[in-house]
Each structure stands twice: as structure tokens, then as C-alpha cells.
Amino acid sequence: MIVIRECVGLDELEACVHLQIETWGYDPGDVVPRKTFLVAQKIGGQVIGAFDTETPSATPATSASGSPESLVGFAFSLPGVKTGQSEPKAYLHSHMLAVKERYRNRGLGRQLKLEQRREALSRGIRLMEWTFDPLEIKNAFINIHRLGATVFCYREDFYGLSSSRLQGGLPTDRLLAEWRLDSPRVQGIIAGRPAIRHVIEERILVPASIYEWKASDENRKRALAVQQENRLKFQKAFSQGLAVLDFSLDAEGNGVFELGAPTWTE
Ligand SMILES: CC(C)(COP(=O)(O)OP(=O)(O)OC[C@H]1O[C@@H](n2cnc3c(N)ncnc32)[C@H](O)[C@@H]1OP(=O)(O)O)[C@@H](O)C(=O)NCCC(=O)NCCS
């Protein structure tokens, strides 16, 4: 059984650090340490864990609600403030989402995001943002199509050089996902209702072989070429006021970002 709840105590936060290293293979300079998780919790951020209460190594005394040994996923967010509007507004920046490899594709990533949303709304926070790699088809599918996030902005080489093994040494270009937690769009999509139909003005394709290309020395150039070409397309589309409103997969598994003019209800 999987329990989703806020992580409690240093040992559970340490388990998040371990899962972070297992997931991204970061070197010490890139790892977010336990203390940062702790501080985030104390200042209004979130460290939410997914625990498999049937993990054999979990101690029986803690198995009902999970324990550090039974952590199989986590979502981590930091509090932020938006200025420049009539008054400053609190929001959350979700910095990491990870699920252990053998637990993937069972809905845990989505459940962790939904718990982040529930918890944020319970405190009156209505916006969550995070960045994601536009070459990661699966992440784009979850963020846009399954959760209803929208994207208005492209950040070129956002983190600079990264030791993440998922990055394949490419520049750390990112899309900025905006999740308007109580918008009609998000409420509808997470309730499983079909998304509001839009006029699609631009489609940006990511080939299914991108994962293979990023991971191989001989083909990395091809991944870089896709990144560079798509970067220009996104930048042009955003400068024209378009936004990413949906994401689909074609029959070959290629990912397709669908861009159009957003409406106020997004
Ligand atoms: C991203 C991640 C957290 C998702 O967790 P997860 O538990 O596997 O996610 P879910 O099971 O909730 O959702 C996966 C969805 O992607 C779909 N999917 C799986 N592989 C896919 C692929 N190659 N292309 C497109 N969609 C894919 C699944 O079918 C599922 O969709 P569905 O709910 O409609 O069936 C996990 O893959 C992970 O830890 N990745 C490495 C770290 C990472 O990239 N984190 C995010 C950026 S910070």
C-alpha cells in the first residue's frame, strides 16, 4: 500500500536526499542537502513523500504510515513570492519530483503532484511553478496533459552545467510550468474531463528517440540539434503571445507540444 504524506524528521529527509542521488546521479556540488529540505519545510515549502508500507525493510512499528526505509518517491517545493502585481503573492516553486524506478508508471508521480496541490490550496496558495526539460517527453505529458500546467516561458541553460545523468551533458534548457491550482482548466483536467479545445497555432515535436540520443556519445549531437531547433521555435512562439496548452503523443511515441493563444480561464 502506498501512503502519501509530508515527510517527518531528519531520517525521512535523508531518505529524500538518497533518492535524489539515485534518480539524477548528481555529484556532491549539485545535491540538495537534508538541511535545505528541513529549512524549506519550516518556511512554508513542502517535502511530500510516497511510502510503500509493504517494503520488507520497513520496521513493523512504523510500517502503517511509512518509514525512511519505505520512501519510494518525493516532491519538494520552496515558497516564493511574486511581486510587480498590486500586492505581493505567495506561490510554490516545485524543485524536484522523483519516483523510484521500479515504482514508476503506476500513478505515484501524479499523486505526489496532487498532494502538493491539495496542501497548497489548504493554505490559500493558488499557484505552483516548476521547470522541466522540454526534451523529456514523459514529463511534458504528465505536466501539461495530465496535470493541466501551461507554459509561457523558455529559460535557456537555466542551471548552467549539470551533473544530472538525465541531462546527457546538454545545456539545461527548461520550460517554466505554471500550475494555476484552482483554475477551471486544472480542475477539469484533474477530474478527467476533456481539456477545453483550442485553436492550435504551432506544434513543436520531440522525437521518441531523444532519450537514446541523449544517452549515447555518438548521437548526442542529434539531441543537441533538436534542442537548438526547438529552443528557437519556443522562443518565437512565446514572443508572439502563444502558450503551451496541450501535449500529445503520436503513434510512434513522438511528443508534440501544442501551442495556442491562452484565454483568461487558463
Ligand atoms: C517523472 C516521474 C516523477 C514520474 O513518476 P511516475 O510515478 O512514473 O508518474 P505517473 O505514473 O504518475 O505518470 C506517468 C505517465 O506518463 C506516461 N508515460 C510513461 N512513459 C512515457 C513516455 N516515454 N512518454 C510519454 N508518456 C509516458 C504513463 O503512461 C503515465 O500516464 P498515464 O497516467 O496517462 O498512464 C518519474 O518518471 C521520475 O522519477 N523520473 C526521473 C526524475 C524526473 O525526471 N523528475 C521530474 C523532473 S524534476
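The following paragraphs examine the structure supplied in this document. (Residues numbered from 1 in each chain as written. Predicted model: local features only at pLDDT ≥ 70, side-chain atom pairs only at ≥ 80, totals over all residues. Heavy atoms only, no water.)

### Examining the packing of aromatic side chains
Argument step 1. Summed over the entire model, instances satisfying the criterion amount to 9 aromatic pairs.
Argument step 2. Measuring from ring centre to ring centre gives 5.8 Å for Phe 37 and Phe 74, while their planes differ by 75°; the resulting arrangement is edge-to-face. Here the residue Phe 37 occupies a position in helix H2 (residues 34–42), and Phe 74 occupies one in strand E3 (residues 71–82), the gap between them amounting to 37 residues.
Argument step 3. By relative accessible area, Phe 37 is classed as buried at 0%.
Argument step 4. When the centroid spacing of 5.6 Å and the interplanar angle of 25° are considered together, the rings of Tyr 154 and Phe 234 count as stacked. Taken as a pair, Tyr 154 in strand E6 (residues 150–155) and Phe 234 in helix H7 (residues 220–239) lie far apart in primary sequence, 80 residues in all.
Argument step 5. Counting every residue linked through ring pairs, the aromatic cluster contains Tyr 154, Phe 234, Phe 238, Phe 247 and Phe 257. (Phe/Tyr/Trp six-rings, centres within 6.5 Å; stacked < 30°, edge-to-face > 60°. Helix = DSSP H or I, 4+ residues; strand = E, 2+ residues; numbered from the N terminus. Buried < 20%, exposed > 50% of the residue type's maximum accessible area, 1.4 Å probe, protein only.)

### So, the site of the ligand
Argument step 1. As a matter of local geometry, the ligand sits amid 20 residues, with Leu 97, Asn 105, Gly 107, Gly 109 and Lys 138 nearest to it.
Argument step 2. The backbone of Asn 105 places a nitrogen or oxygen atom 2.8 Å from an oxygen atom of the ligand.
Argument step 3. Between an oxygen atom of the ligand and a side-chain N or O atom of Lys 138, the distance comes to 2.7 Å.
Argument step 4. Elements with a contribution of two residues or more to the shell around the ligand: helix H1 (9–24), strand E4 (89–99), helix H3 (108–122) and helix H4 (137–146).
Argument step 5. For the shell around the ligand, the leading source of residues is H4, giving 6 residues.
Argument step 6. Looking at the shell around the ligand residue by residue, the classes come out as 10 nonpolar, 5 polar and 5 charged. (Near = heavy atom within 4 Å. Polar contact = N/O pair within 3.5 Å; in protein donor to acceptor, adjacent residues only side chain to side chain. Nonpolar A, V, L, I, M, F, W, Y, C, P; charged D, E, K, R; others polar.)

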